[in-house]
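# Observations on the model geometry
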Amino acid sequence: MQFLPELTLLGASLIFFLVSLTDSSATRVKNIAILLGALVFGATLLSYCQESILFYGAYQVDLFSQIFKTLIAGAMCVVLLFGRDLKGISNKVRPEYYLFMFISVLGLMMLVSSIELMSIFVALELSSFAVYIMVPMRDDSGRFRMQMEAGIKYLLFGVTATGFMLFGMSYIYGLTGSTQLPVVIEKISLLYTQPAAVVAVLMVLAGFFYKLAIFPFHFWVPDVYEGASNETTAFIASVPKLAATAMLIRIVTMINGEGQVIVNVLMVCAVLSMFYGNLSALVQKDIKRMLGFSGIAHAGFVLLGILTMQLTGYANAIYYIIGYVVMNLACFLVICTVSKDGENVLIEDLSGLHQRSPLLALTLGIGLFALAGIPPFVGFMGKFMLLTGALQEGYLLLVILAAINTAIAIFYYLSVVRIAYCSDPEGRDTVIATPLTSVVSVALLLIITIMGVIPQRFLDFATSAVSAML
Amino acid sequence: MDQLLIHPDYPRILSTLIFLPLAGALVLLFVKKESFARYWTLGITVLTALLSLVLVSNFDRATDKFQFAEQTMWIKSLNIQYVLGIDGISILLVMLTTFIMPLCVLASWNYIKTRVQPFMICLLIMETAMLGVFMALDFILFYILWEAMLIPMYLMIGIWGGPRRIYASVKFFLYTLAGSVMLLVGIIWLYKTNGGSFFIPDMMWQEYTLTAQVMLFAAFFLAFAIKVPMFPFHTWLPAAHVEAPTAGSVILASVLLKMGTYGFLRFALPITPEATLLLMPYVLWLSIAGIIYGGFTALAQQDMKKLIAYSSVGHMGFVTLGIFVLNVNGIEGAILQMINHGITTGALFLCVGMIYERTHSRELRSATGVGKYMPIYVTFLAFFSLSSFGFPGTNSFVGEFLILAGAFEHSTTLALAAIPGAVLAAAYMLRMLQKIVWGGTDNPDQSWITDLNLREIVILAPLLFFVFWIGLGPQPFLDLIHTSVVALLDQFNSYQGQAIAATELIVH
């Protein structure tokens, strides 16, 4: 029971392996994927309140991990639902595509439960390698083959980050003589006066910086977002970020009051991520690239919550990343639906969307306004909580810089809304959202609004998750 | 929480007023028929206006506390509450909002031809947000509504606006948002300093250090001065006014601009009194600059909407002048002038909109000499123009008189510097009036133009009624605001006394 979601995922992957051997129609593969996704989600719900330690202390099942598993499964289901047509993936490789997607999710779920350095590493690699293969699976009919470039870039940067992480882990093992996180935490807390401990922790963090796309491990983002198919990008932009945040929190809780140097580094990374992401997003023409850069900026905000090293700060970061994933999924839903044959969507392709499809325009509009942090949506509440938390810890300058970034960010979000709402279609076709897509988009809109208007319950939820882990 | 008075008979009246338009907007989401959308929105706004009469008739004029208060915990972990209440400073603004909205709906009746339901939804959401801003007593609630209203207003300008609507709407949005991000930082700082409370009355009259006060004042000033808009932050206003549809212009002029001055009164004065005193001269001279600048630019405009927009800059300059002379006459005049400006400028935008619906041009040239064919129209226009430059017997005269009286009390030089503004106002309004009514020898052929229909008369008549009511008998209006203004100034002066006493203690 404690291991049910992971077993379900494993089983699902095997089913896809079998499906890939037969010659199945696209519809059937699609239905199987959605069904299995729902099963996985159900499994996470079933094992929601479990608690135990498995595999000789390498694997901890607690509220923290189970909440994240549920969120990961939920986000995956949403991606499966609105990306079910897989316009950018050739018919032949769809079962394989789903196989790797499920394996990647399996890796992510294992990641949030791992409390041992080696299992963290294995889980992270499992999730990454599957995605490395998903990226070049895009079928662009030999046009630019940019998916290959994206795949290679993703792989190389990923391997580099992993190298950093492994190196850091070896330091940690050298310093503490253990790979078990509980033991490591206890021993390393006495060692923060030594530079080696600081370097070790920072290097381990690098691996998750890469997943969350925080400066200086963000370089892969724009090209991979652009090169991967829309559905893959939707997946990369949402699901792994949940797990990465969970792991960042897990690692950062290792740091105690003497690790101020690490906090300073995190601060610099947060500010640079925000400025780099927002300033680069200003000039983008491809909406996926723009969302990629905006994702870097949002990762900086998440870090703002984590670096306060307070229970509320972690809870705010979780609240924020959940909100971010929902808002991002809302935007990607629109991108995937607007894109006719899986091609990339330029910002100007969204011209007159409010006439071509009012619901999609509303989804995009609210998603972007929420990302920009305009109340009453979740983006505002999240930012506000993060700023409050950081100011309570006395980071006034950091808060002012973050506020300035909010003002910069509004420009590019608004320019997309402007295109969607204030321009004419100029002969572009109407976009038809199927009823299922419409239902998903309305559900996402409701979540964005409800989380923004009555955040208390969600905050309690996030707080209980964190306190379960501490 | 002793600053709140809960009314025994109407404990939930403010929430009802706020949420009624929102509920109306939700219903419209499911409506396909355009004519139903129009009547429905009109019904909802009229109902809100009628309900708001309860506020005036039950308003206790003898207390400076927040009345009709409601208080519920909203976000517990941060101690954010849903607190509403109105006092003398806000009641007239609430009334102005509820009464201007039905007129906006009527003004959009034929003007808005495409996508009627979304437009009406925007109008209703605007009403909710605007009422909420004037009623909110929790700073976060205030901030949320203050920012949230940008979205419907942006869409109103951006979708239904004129040819340069995209430029105007983006400029409006960016300016206002950029101005208020530092306000958020200020709010959080106040929260932290006050031991974790966003309750606005708790933040007032506290002993913050002077440096902190100056920083806070700067944050307030940036947010509110852009909204007012004060010279030199006014450049978004002409663009937004000109491109917005009539209803949008009216809402902008009548209500949105008042939020800036309301912000000064509600936040800047009570929260940062020392900084206010320190920076007062600069703000006063900026106001004078705005008055003169607005007057001269208005004089040169060929576009009627632009003319009125620049006149707004001048009029709002008078309002900020009245607020920052910090005496009873000045502030009462300022509050009254906010209402007057809402009525008169709103009416003038409606008048321009009516011409625009006929000629499809806002150029003064194409509207010359319509007086011959539109006698009813020019009668209305004449009275509103007279009111706009403060002709005795009209509403603006009372407001400007009080403000100038307050300014003279403060400093003769300052008051004398503001006088040319009043003269300029007469010059540009009479120029416009003369051209529209009579024009010259080269008038375009206007014989095909029809005079106002019943709907349009119904829009303008109530505004004219208030022009004369406030102009001839302003006492009931002043009674509503007097107690709160006196209390605000009393506290301001006693705070200063305390501060001086404290410094003396340290010195000795």
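Residues numbered from 1 in each chain as written. Chains lettered and ligands numbered in written order. Predicted model: local features only at pLDDT ≥ 70, side-chain atom pairs only at ≥ 80, totals over all residues.

### A look at the overall build of chain A
To be explicit about the condition: Here a helix means four or more residues in a row that DSSP labels H or I, a strand means two or more in a row labelled E, and each is numbered from the N terminus. Values of the radius of gyration come from C-alpha atoms, whereas the globule rule sets the reference at 2.2 Å times the count of residues to the power 0.38. With C-beta atoms placed from the backbone, a residue counts as buried when 20 or more other C-beta atoms lie within 10 Å of its own, as exposed when 12 or fewer do, and as partly exposed for counts between those limits. Throughout, a pair of residues is in contact if the C-beta atoms placed from their backbones lie within 7 Å.
Scanning chain A from terminus to terminus reveals 19 helices and two strands. Here chain A has a C-alpha radius of gyration of 21 Å; the compact-globule value for 470 residues is 23 Å, and the two agree. Residue burial in chain A is summarised as follows: out of 470 residues, 60% are buried. Contacts spanning at least 24 positions in sequence make up 81% of the contacts within chain A whose residues lie at least 6 apart.

### Observations concerning the interface of chain A and chain B
When the parts of a complex come together, some accessible area is lost, and that lost area is often taken as the interface size. For the record, the criterion: Amino acid classes used here: Ala, Val, Leu, Ile, Met, Phe, Trp, Tyr, Cys and Pro are nonpolar; Asp, Glu, Lys and Arg are charged; the rest, including Gly, are polar.
Between chain A and chain B, the residue contacts involve 24 residues of the former and 28 residues of the latter. Of all the secondary structure elements, the ones that give two or more residues to the side of chain A that touches chain B are α16 (378-392), α17 (396-422) and α19 (456-469) of chain A. Among the elements that line the side of chain A that touches chain B, the one with the most residues is α17(A), at 12 residues. Its residues assigned to classes, the side of chain A that touches chain B shows 19 nonpolar, four polar and one charged.

### Considerations on the nonpolar core
All names here are of chain A. Selection criterion: Linking buried Ala, Val, Leu, Ile, Met, Phe, Trp, Tyr and Cys residues through C-beta atoms within 7 Å yields a set, and such a set is a nonpolar core.
Counting residues in each nonpolar core, the largest one holds 392 residues, and the members touching the most others are I72, V201, L329, Y413 and I448. For this core, the element with the highest residue contribution is helix α13 (residues 311-338), accounting for 21 residues. Contact partners of I448, with chain neighbours within four places excluded, come to V326, M327, A330, I366, A370, F377 and V378.

### What to know about the packing of helix α6 (residues 150-160) of chain B against helix α7 (residues 165-193) of chain B
Residues and elements named next belong to chain B. Let me state the cut-off plainly: What counts as an axis is a line fitted to C-alpha atoms, over the stretch in contact for a helix, and the angles between N-to-C directions run from 0 to 180 degrees. Small angles under 35 degrees read as roughly parallel and large ones over 145 as roughly antiparallel, with 65 to 115 read as roughly perpendicular and the rest as oblique. For a crossing to be left-handed, the near helix must be turned anticlockwise from the far one by less than a right angle; the clockwise case is right-handed.
Where α6 contacts α7, the two axes come as close as 8 Å, and the packing angle between them is 160 degrees. When the axes of α6 and α7 are compared, the pair comes out roughly antiparallel. Once α6 is placed against α7, the crossing between them reads as right-handed. Residues L150, Y154, I157 and G158 of α6 pack against R165, I166, A168, S169, F172, F173, T176 and L177 of α7. Split into classes, the residues belonging to the contact of α6 with α7 amount to eight nonpolar, three polar and one charged.

### Description of the packing of α17(A) against α7(B)
Following both chains from N to C, one finds α17(A) and α7(B) inclined at 155 degrees, their axes separated by 9 Å at the closest point. As far as their axial angle goes, α7(B) and α17(A) are roughly antiparallel. Where α17(A) crosses over α7(B), the handedness of that crossing is right-handed. Residue composition of the contact of α17(A) with α7(B), grouped by class: 20 nonpolar, two polar and two charged.

### Side note on unusual backbone geometry
Residue A:P216 follows A:F215 across a cis peptide bond; omega there is 0 degrees. Of note, A:P216 is situated in the loop between α8 (195-212) and α9 (221-227).

### A word on the environment of A:D429
The residue A:D429 is located in the loop between α17 and α18 (435-453) in this model. Residues A:D429 and A:L353 lie 76 residues apart in sequence; the distance between their C-alpha atoms is 9.5 Å.

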